[in-house]
Amino acid sequence: MSLEVEHPGGSESPNRLSLKRHDSLFGDAEKVSGGKYHGSEGSWVRTLHLAFQSVGIIYGDIGTSPLYVYSSTFPDGIKYNDDLLGVLSLIIYTLIIIPMLKYVFIVLYANDNGDGGTFALYSLISRYAKIRLIPNQQAEDAMVSHYTIEAPNSQLRRAQWFKQKLESSKVAKIVLFTLTILGTSMVMGDGTLTPAISVLSAVSGIREKAPSLTQTEVVWISVAILFMLFSVQRFGTDKVGYTFAPIISVWFLLIAGIGMYNLVVHDIGVLRAFNPWYIVQYFKRNGKDGWVSLGGIILCVTGTEGMFADLGHFNIRAVQISFNGILFPSVVLCYIGQAAYLRKFPEDVADTFYRSIPGPMFWPTFIVAIFAAIIASQAMLSGAFAILSKALSLGCLPRVRVIHTSKKYEGQVYIPEVNFMMGMASIIVTIVFRTTTSIGNAYGICVVSTFSITTHLVTVVMLLIWKKHIVFVLLFYVVFACTELIYLSSILSKFIQGGYLPFCFSLVLMTLMATWHYVHVKRYWYELDHIVPTNEMTTLLEKNDVRRIPGVGLLYTELVQGIPPVFPRLIKKIPSVHSVFLFMSIKHLPIPHVIPGERFIFRQVGPREHRMFRCVARYGYSDSLEEPKEFAGFLVDRLKMFIQEEIAFAQNDTVPEAQARARRSTTSVVHSEEAIESRVSSHSGRITLNANQTAEEEKLLIDREVERGVVYLMGEANVSAGPKSSVLKKVVVNYIYTFLRKNLTEGHRALAIPKDQLLKVGITYEI
């Protein structure tokens, strides 16, 4: 029943050395049963429904790439006609290697019980190895992580060796965490730049029929559309997806049909591009210019990460069906058709898509293109919301309200504050950059950086969790990491022409996330160092002459052990405690979901007559918090069940003693065996009856106190750097963290606490 609490760095204060878990709650808070979650299983009918919906959510971005890929690849025009065959071959094989082979057939399987994205990978790894910087790992984690024990073999030994190296290296932990928040920052950059480039490229087509329109007017039309796009996010992915799915399906039919038309009419010979030898000839012919052009070619796979980040909205089979059956053939046909058109009209490369449309089809295609561009933006926004909701649960960002927009499908979320900031950033980028070429330079860096980060994290998963043979791991890493490195080197050559934007954006977001997480960890350890042991509760109450007042009190704390330091401060200033009092912890486990039946765990604090409890409410990082009334009702029901179980447990301990006493007193007077058993049975019956009466009285008392009112108490911690801290630490803690805490965090809203039932207790921590 005891568990040492160790500092991850190895150095421990005297207080930590003697600190033990005073009950099993510390470990039990990690225990949940396995389950099948959204994204892993489902009927074929549901899978086909999700496949249809996925068309409207995750393929808008990659599906609208034909609007700008050729113009970005040939910004100075086409020098050699055969260059089109080399570029088309590069586009085809890039689509096969990165989205199809890497993501659809490998990366999607590295999901965390149905959830995808950078944070899901980090969370998955953190369950198999103690890599998280916040100290919430216990020995009981093995019950959650399903780390199967296998017969010794080279793969298992290598996985164990790799695990030990990760756990013992602080540098490795920091590198993995940095990669994770960098990946998140890049997805956020995608979510900001995708709407700008997609909408602007679609709207630019109107100048084909209205040449009098200036670029400034095109920009302002785009801004109006962007404003509308970010305004409808609050309706949720579910509604937006089913609205957009038919439109994007029509888009894919149109681009496939136009591609087929251009192929037949202009030059069917471009099908030779399936021969990769044209790639070699292209680089021989163009040298450095060919390498630089890769920055435009990579835009053909923009939005690929959205397939993984949005996996929580769908499932693997749904994504595989929709990608291989709809997306890939449609997009490839479109690129082939454009290449065939450009073989005959190379001077139209600056606006290939709209120039290649047959006359009668222009306006229908233009209108659908506008909607498709909006859908492209939706793809990355959905992924950004999903990945940030996970970041919140892992303590990397301040608590903000995450709204779950679908009761039918889990993982579909909307974050108002994030939506506002991304919308504002996207509009500013559109106004400042004005053209798709400039935005594309920035966009490519976000795309390839995210690919590379995912490759490295999935490699860790293959070594640590999948335990694949080293040949397969090396093959995966070398093929995909090298491919992405080549593309990244090309894009970085355009750093000054707009490539700096995502770096600046990511640097700011990473700084904010790293700052919040750093102080979050420091604050956790401060509270752990200053807790009051549970067995000192009676002394603490008597010392402060605390009186009990009507109602139920819930004091929120991040610790699941001991009495948080804010409680002694509270009773010192206000020496009164509610008749029923709970130390409430909301704990996010590194798994997507916890079933409702295992949501709450209770422990008694002090003697039973104190009616003080500690409760841990356990959630997965993709779970939503209940509404206040629902939460309170569920909590009270579970508390009454716990009290009944505790009294029954105490009775089971008491009955054997009573039976022994009854036997001793009876055998000294009466020698009949029946008389002895009769008296023993009578004693047992009275104890059981008394226990039942006590349990009912306790439950009635709790109901009565709930009717008198529930008060939520929260510690309002003001964290400051110590006087001997470095200048950097003082800036990080006293300014950046304080700014975030005052302007972004709304703990009571994130925890669904009614404002009129909230009492905040101020406390200052010096770290």
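Our subject is the structure that appears above.
Calculation rules
Residues numbered from 1 in each chain as written. Predicted model: local features only at pLDDT ≥ 70, side-chain atom pairs only at ≥ 80, totals over all residues. Heavy atoms only, no water. Helix = DSSP H or I, 4+ residues; strand = E, 2+ residues; numbered from the N terminus. Buried < 20%, exposed > 50% of the residue type's maximum accessible area, 1.4 Å probe, protein only. Contact = heavy atoms within 4.5 Å. Areas by Shrake-Rupley, 256 points an atom, 1.4 Å probe, with all protein chains shown as cover. Pairing = 2+ DSSP bridges. Axes fitted to C-alpha atoms, helices over the stretch in contact; angles between N-to-C directions. Salt bridge = Lys/Arg side-chain N within 4 Å of Asp/Glu carboxyl O. Parallel < 35°, antiparallel > 145°, perpendicular 65-115°, else oblique. Nonpolar A, V, L, I, M, F, W, Y, C, P; charged D, E, K, R; others polar. Phe/Tyr/Trp six-rings, centres within 6.5 Å; stacked < 30°, edge-to-face > 60°. Lys NZ or Arg CZ within 6 Å of the ring centre and 35° of its normal. Expected span 1.5 Å × (residues − 1). Bend = angle between axes of the 7 residues up to and from the residue. Polar contact = N/O pair within 3.5 Å; in protein donor to acceptor, adjacent residues only side chain to side chain. Core = buried A, V, L, I, M, F, W, Y, C linked by side-chain atoms within 4.5 Å. Patch = residues over 30% accessible without salt bridge, like charges linked within 9 Å, V, L, I, M, F, W, Y side chains within 5 Å. Lys, Arg positive; Asp, Glu negative; His and termini not counted. Charge placed at Lys NZ, Arg CZ, Asp CG, Glu CD.

Trainee: Give me the overall build of the protein chain: which residues, what numbers.
Mentor: When helices and strands are tallied, the protein chain shows 28 helices and eight strands. Expressed as a percentage of the 767 residues in the protein chain, the buried residues total 57%. A sequence separation of at least 24 residues applies to 83% of the contacts in the protein chain between residues at least 6 apart. For the protein chain, the exposed area adds up to about 31,500 Å²; of that, 62% sits on carbon and sulfur atoms.

Trainee: Go over the pairing of strand β5 (residues 600–604), please, and point to the residues and values.
Mentor: Every regular strand shows the same layout, with side chains that alternate between the two sheet faces. Counting buried positions along β5 gives four out of five residues, so the element sits mostly inside the fold. Taken together, the five bridges between β5 and strand β6 (residues 612–620) define a ladder with antiparallel strand orientation. Bridging from a neighbouring strand, Ile-601 pairs with Val-616 of β6.

Trainee: Go over the sheet that holds β5 with me, naming the residues and quoting the values.
Mentor: The strand order β5-β6-β4-β3-β7-β8 describes an open sheet built from six strands, whose pairing is mixed. At either margin of the open sheet sits one strand with a lone partner, and together these are β5 and β8 (758–766). Neighbour to neighbour, the strand axes of the sheet diverge by 25° on average, direction disregarded. Sheet topology places strand β7 (residues 710–720) next to β8; nine bridges connect them, and they run parallel. In the strand pairing of β8, Val-719 is matched with Tyr-765. Across the sheet, helix α24 (residues 566–573) lies against β3 (547–556), β4 (576–589), β6, β7 and β8, angled at about 120° from β8, the strand it touches most.

Trainee: Could you give an account of the pattern of salt bridges, with specific residues and numbers?
Mentor: Using the criterion set out here, one finds ten salt bridges in the structure. Of the charged contacts, one joins Arg-343 and Asp-82 as a salt bridge, the two residues approaching to 3.0 Å between their closest N and O atoms. With Arg-343 in helix α16 (residues 316–344) and Asp-82 in the loop between α5 (69–73) and α6 (83–104), the pair connects residues that are 261 residues apart, well separated along the chain. Salt-bridge contacts for Glu-705 lead to Arg-708; the nearest nitrogen and oxygen are separated by 3.3 Å. Of this pair, Glu-705 and Arg-708 both sit in helix α26 (residues 673–708), three residues apart, which is roughly one turn of the helix. Of the residues examined, Glu-705 reaches a relative accessible area of 5% and is grouped as buried. One salt-bridge network, held together by shared partners, links Asp-82, Asp-267 and Arg-343.

Trainee: For the environment of Thr-483, give the residues involved together with the corresponding values.
Mentor: Within the element layout of this structure, Thr-483 appears in helix α21 (residues 470–492). Spatially, the C-alpha atom of Thr-483 lies 8.8 Å from that of Ile-98, the residues being 385 residues apart in sequence. Sequence-distant contacts of Thr-483, defined by excluding residues within four places in its chain, comprise Ile-98 and Val-478.

Trainee: Let's hear about the packing of helix α11 (residues 215–231) against helix α19 (residues 416–433): which residues, and what values?
Mentor: Remark: α11 packs on α19, axes separated minimally by 10 Å, with the N-to-C direction vectors making an angle of 170°. Classified by the interaxial angle, the pair formed by α11 and α19 is roughly antiparallel. From α11, Val-219, Trp-220, Ser-222, Val-223, Leu-226, Phe-227 and Phe-230 reach across to α19, where they touch Asn-419, Met-422, Gly-423, Ser-426, Ile-427, Thr-430 and Ile-431. Per-class residue counts for the contact of α11 with α19 are nine nonpolar, five polar and no charged.

Trainee: Outline the packing of aromatic side chains, supporting the account with residue identities and numerical values.
Mentor: Applying the stated criterion across every chain, the model contains 26 aromatic pairs. Within the aromatic cluster, the residues linked to one another by ring pairs are Trp-251, Phe-353, Tyr-354, Phe-362, Trp-363 and Phe-366. The cationic tip of Arg-317 hangs over the ring face of Trp-44; the distance from NZ or CZ to the ring centre is 5.0 Å.

Trainee: So, unusual backbone geometry: which residues are in play, and what are the values?
Mentor: A positive phi angle, close to 55°, is found at Lys-467, a residue other than glycine. Turning to its location among the elements, Lys-467 is positioned in the loop between α20 (436–466) and α21.

Trainee: Provide a residue-level description of the environment of Pro-329, including the pertinent values.
Mentor: In this fold, Pro-329 is placed in helix α16. Relative accessible area serves as the criterion here: at 31%, Pro-329 is assigned to the partly exposed category. When the C-alpha positions of Pro-329 and Ala-256 are compared, they lie 7.6 Å apart, and in sequence the two are 73 residues distant. With near-sequence residues (within four places) excluded, Pro-329 lies in contact with Phe-323 and Asn-324.

Trainee: Quick one: what's the story with α16, residue by residue and with numbers?
Mentor: Spanning 29 residues, α16 covers 41 Å between terminal C-alpha atoms, matching the ideal 42 Å at 1.5 Å per step. At Phe-323, α16 shows its maximal bend, which comes to roughly 40°. α16 sits mainly inside the fold: 21 of its 29 residues count as buried. If you check the start of α16, you find a side-chain oxygen 3.3 Å away from the backbone N of Arg-317, and it comes from Asn-315.

Trainee: Help me get a handle on the nonpolar core, residues and values and all.
Mentor: Counting residues in each nonpolar core, the largest one holds 151 residues, and the members touching the most others are Tyr-70, Leu-95 and Trp-251. At 17 residues, α20 tops the list of elements feeding residues into this core. Leave out the neighbours within four places in its chain, and Leu-95 touches Ile-62, Met-100, Cys-300, Val-301, Phe-328, Val-331, Val-332 and Tyr-335. If you look at the next biggest cluster of nonpolar residues, it comprises 30 residues, including Val-519, Met-537, Leu-555 and Val-605.

Trainee: Got a sec to walk through the environment of Leu-555? Specific residues and values, please.
Mentor: Along the chain, Leu-555 turns up in strand β3. Leu-555 sits in the buried class, given a relative accessible area of 1%. For Leu-555, the contacting residues outside a window of four places in its chain are Pro-564, Val-566, Phe-567, Phe-581, Leu-582, Phe-583, Met-584, Leu-713 and Met-714.

Trainee: Outline α19, listing residues and values.
Mentor: Here α19 spans 26 Å end to end across 18 residues, near enough to the 26 Å set by a 1.5 Å rise per residue. Of the residues one or two after α19, Arg-434 is the one with positive phi, at around 70°.

Trainee: Any chance you could break down a positive patch on the surface for me, citing the residues and the numbers?
Mentor: Residues Lys-543, Arg-569, Lys-572 and Lys-573 make up a contiguous surface patch of positive charge. Of the residues forming the positive patch, the biggest block, three residues, is contributed by α24. Looking at the element boundaries, Arg-569 is found in helix α24.

Trainee: Before we move on, can you summarise the side chain of Lys-640 with the specific residues and values?
Mentor: Along the polypeptide, Lys-640 turns up in helix α25 (residues 628–667). Classification of Lys-640 by relative accessible area gives buried; the value is 16%.

Trainee: I'd like to hear about the packing of helix α13 (residues 277–286) against helix α14 (residues 288–297), residue by residue, with values.
Mentor: Remark: α13 packs on α14, axes separated minimally by 5 Å, with the N-to-C direction vectors making an angle of 120°. Taken together, the axes of α13 and α14 lie oblique to each other. Contact with α13, carried on its side by Tyr-282, Phe-283 and Asn-286, involves Lys-288, Asp-289, Gly-290, Trp-291, Ser-293 and Leu-294 of α14 and no other residues of that element. Of the residues contributing to the contact of α13 with α14, the split by class is four nonpolar, three polar and two charged.

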